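Architecture at a glance
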Amino acid sequence: MAKKISSQLLHKKWKSFVSWRKKCKASFKKAPWYKKLLRIGINLTLLFFLYLFLVDINFLWLFGKSPGLLSISNPQQNEASEIYSADGKLIGKYFRENRTPVKYEEIAPIMIKTLVATEDERFYEHMGIDVQGLFAAAKDMLHGKARGASTISQQLVKNMFKTRSQYSKGLFGYIPGFNLIIMKTKEWITAVKIELFYNKQEILTMYFNTVDFGSNAYGIKTACKTYFNNNPIDLKIEQAATLVGLLKATTTYNPRINPINSKKRRNIVLDNLAKQNIISQQECDSLKQIPIQLQYKVEQNYDGQALYFREAIVESLKDWCKENEVDLYSDGLKIYTTLDTRLQKYAEDAVEKQMKIVQRNFDNHWNNEEPWRDENQQVIAHFIEDIAKRTSTYKNLAEKYPNNPDSIWIVLNTPHKMKVYDYKIGERDTTLSTMDSIRYMERFMHTGFLAMEPNNGFVKAWVGDIDFGFWKYDKVTSKRQPGSTFKLFVYATAMNKGLAPCDKRRDQYIAWDYMENGEQKRWIPRNATGEYTGDTMTLKYAFARSFNSVAVQIAKEVGIENIIRTAYAMGINTPLNSIPSVCLGSSDVSLIELVNSYCTVINDGVRQEPVLVTRIEDKDGKVIYEYQQESKQALPYETAFLMTQMLRAGLTEPLATSQALWAYDLFRHNTEFGGKTGTSSNHSDAWFVGVTPKLVGGAWVGGEHRCIHFRTGKLGEGSKTALPIFGYFMEKVLDDESLKNYRAKFPKPKQKISKSYLCQTPYPKIVDDSIDVVADTILVGSESNN
């Protein structure tokens, strides 16, 4: 019964609707023509607004997603993150799109007027859609003069929200011709929303901060820097006209790529300014005669200073960024670091100065011989070929010639144009085959240098190698055998176990029997000279002279496991091999670990992790990261004090390995020094770590591969190759009055020291001037793992 009543009601309503439609048609036919037009207009308007509504809500997924109110009220843009040094200098950026925002008042008024006059002369009169401009564009189209009618607000929508690429097209978007109509509709809708949310100044500011000026210059600030090396507030009229003219087509009117087109376009913009009485005709004519004067430089991710340090920052913040959903390359952060640009410059200068000398010595030493040698000094067969096989060039050729290896090697041995490194000019154009280029580049010696403040762990200078452009593998964090610099941990453990610097041991033959992987072995270490003097000496003297025999005796007394524990406590993080030869530095560590461990000694035994970043602010200036100092007492104060005296003995004990520092201009600034050299087997790795009360610096020098090295200690040991880098660096630092806070003497003991340390080995009465600083190279038996 209920269903019958419902059916009757529906039938009744349908009849009423049909009757109403007939009356409307009859009324429309009888109505005057102007009323007919009015009704048609109203209906079309209603349909148009219905269409806009349906597009905006993506009705039935027909039109694709549009920017929502949340996106419009809080627009997200890729912004470059800026990296600042401790002395307030911008040292570089991280970016995908090189964009740095500016405020409205930071933009020259003439730039704003030029943009409005050229791109949207009724900008201040419309609400995102220029109806008059649309009709004018349609009229021009009918006369075969197609032109755009997008307002600044619509262009902003396209730039900021990427409506034509990042938002879905919807089902209708796949119908030919419909996609453009739907995209334009989205831009109209979003432009009106933007006009409702923001005032005209805010819209202009967002536009200038988002627009692409070509040459990887996003936003007005980067564009000014790229093309004219100035700031937006300093733009001249002709410069503003050039940049605005560029917006029509960033390649066609690029002043660097197409200067003639760019000047023509600039002059059209200037004519338009005169036409709108923004400038006078006389001024316009005068400006049109001026040539476009550029100071063009495209900023890259790898521009700026301290490139290895900046890459280390990325690595150190990787986990933090992931946990906090932060993107260094797009979030517009301000990253404040510990690095000091003055110390960084001095470090880079010291590395360059010394490595030129090292390279010259290396080239003269090997002359035309191949330096890649095995432990028996024989040339390693297929060494260059094996490197070639690991290159992307070889892999690509292997895919191209899968069954024809001869073709691969023919191509690899065919000369072609390329760039190689040269100490004189940096990057040099040349013609070499791939194989010859590998031979050329493998002959270079490499280095790493790091300087830290021991009291807080702040990294002040970081040089990862001789040239970042050619060698991005960072030698500060790479791992090599530390040689005698590892003896720091042996003697620190000895001090912990009750020994004192003035205790004595004899330089004599020693053998160490041990088990490794179930196999009985015997290790017989030797001194660098290959001889034993039989002399009894203080531990201070043995450490300063780097006698291996005494270090091994001490290691045997205190235990390898205890030495390894001490090393871990002081700053070594790399797993160490638990074998006797580890006491002479046979197990790989990194330079940053080693320098940090020496900092622990100078910091009264307190270990702190190296600090690269002190604070990070988001794009709104809110602090989102601040480093927290974590300290741990790794050594008793007395042990740290005694080891400081041991390091100082490197300059005061007779023939000590660090006495080469006396050759540098370091000692007129009321500053005291200590240090330790180290050289691994076959002179593959040369080290020096120098200490002062306020600054610790470490250097490593060696070949890219361990098999590439000097054949003699006179050229290849730490005191000859690595120590001079520290010496040159500290000369500049101490001589700089603005850095006088690094001048200091070691403090007197803060507590009573229970062990004797004031012993001084007497200098011989007759000194032979031909005697050189004693070498510190490890010499080990063939059964060791060195």
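Residues numbered from 1 in each chain as written. Predicted model: local features only at pLDDT ≥ 70, side-chain atom pairs only at ≥ 80, totals over all residues. Heavy atoms only, no water.

1. Some remarks on unusual backbone geometry
Here the phi dihedral of Asn277 falls at roughly 60°; this positive angle occurs in a residue that is not glycine. Take Asn277: it is sitting in the loop between helix 11 (259-275) and helix 12 (281-288). With a phi close to 60°, Leu655 is a non-glycine residue in the positive phi region. For Leu655, the position within the fold is in the loop between helix 25 (637-652) and strand 18 (674-679). A residue is classified by how much of its surface remains accessible, and Leu655, at 31% relative accessible area, is partly exposed. (Helix = DSSP H or I, 4+ residues; strand = E, 2+ residues; numbered from the N terminus. Buried < 20%, exposed > 50% of the residue type's maximum accessible area, 1.4 Å probe, protein only.)

2. Topic: the packing of aromatic side chains
Going through the model one piece at a time under the given rule, you end up with 36 aromatic pairs. Plain terms: the ring middles of Trp662 and Phe667 are 4.2 Å apart, the flat faces sit at 25° to each other, and that makes the pair stacked. Ring pairing ties together the aromatic residues Tyr421, Tyr423, Tyr440, Phe444, Phe470 and Trp471, which thus form one cluster. Stacked on the ring of Tyr253, the Lys or Arg Arg265 has its end atom at 6.0 Å from the ring centre. For the cation-ring pair, Arg711 lies above Trp366, with the distance from its terminal atom to the ring centre recorded as 3.8 Å. (Phe/Tyr/Trp six-rings, centres within 6.5 Å; stacked < 30°, edge-to-face > 60°. Lys NZ or Arg CZ within 6 Å of the ring centre and 35° of its normal.)

3. With respect to the packing of helix 15 (residues 341-366) against helix 28 (residues 723-735)
Interhelical geometry of helix 15 versus helix 28 gives an angle of 140° and a closest axis separation of 8 Å. Here helix 15 runs over helix 28; the crossing is right-handed. For the pair helix 15 and helix 28, the contacting residues are Leu343, Tyr346, Ala347, Asp349, Ala350, Val351, Lys353, Gln354, Met355 and Ile357 in the first and Pro724, Ile725, Tyr728, Phe729, Lys732 and Val733 in the second. When its residues are assigned to classes, the contact of helix 15 with helix 28 shows 12 nonpolar, 1 polar and 3 charged. (Axes fitted to C-alpha atoms, helices over the stretch in contact; angles between N-to-C directions. Left-handed = near helix turned anticlockwise from the far one by under 90°. Contact = heavy atoms within 4.5 Å. Nonpolar A, V, L, I, M, F, W, Y, C, P; charged D, E, K, R; others polar.)

4. Description of the sheet that holds strand 3 (residues 334-337)
Reading across from one edge, 2-1-3-15-16 is the order of the 5 strands in this open sheet, with mixed pairing throughout. Both outer strands of the open sheet, strand 2 (90-94) and strand 16 (623-626), are each paired with one neighbouring strand and no more. Adjacent strand axes in the sheet meet at a mean angle of 20° when their direction is disregarded. Both strand 3 and strand 15 (residues 613-617) contribute to a ladder of 4 bridges, which runs antiparallel. What sits directly across from Thr337, in strand 15, is Val613. Contacting strand 1 (81-84), strand 2, strand 3 and strand 15, helix 13 (residues 307-316) runs over the sheet at an angle of about 50° to strand 2. (Pairing = 2+ DSSP bridges.)

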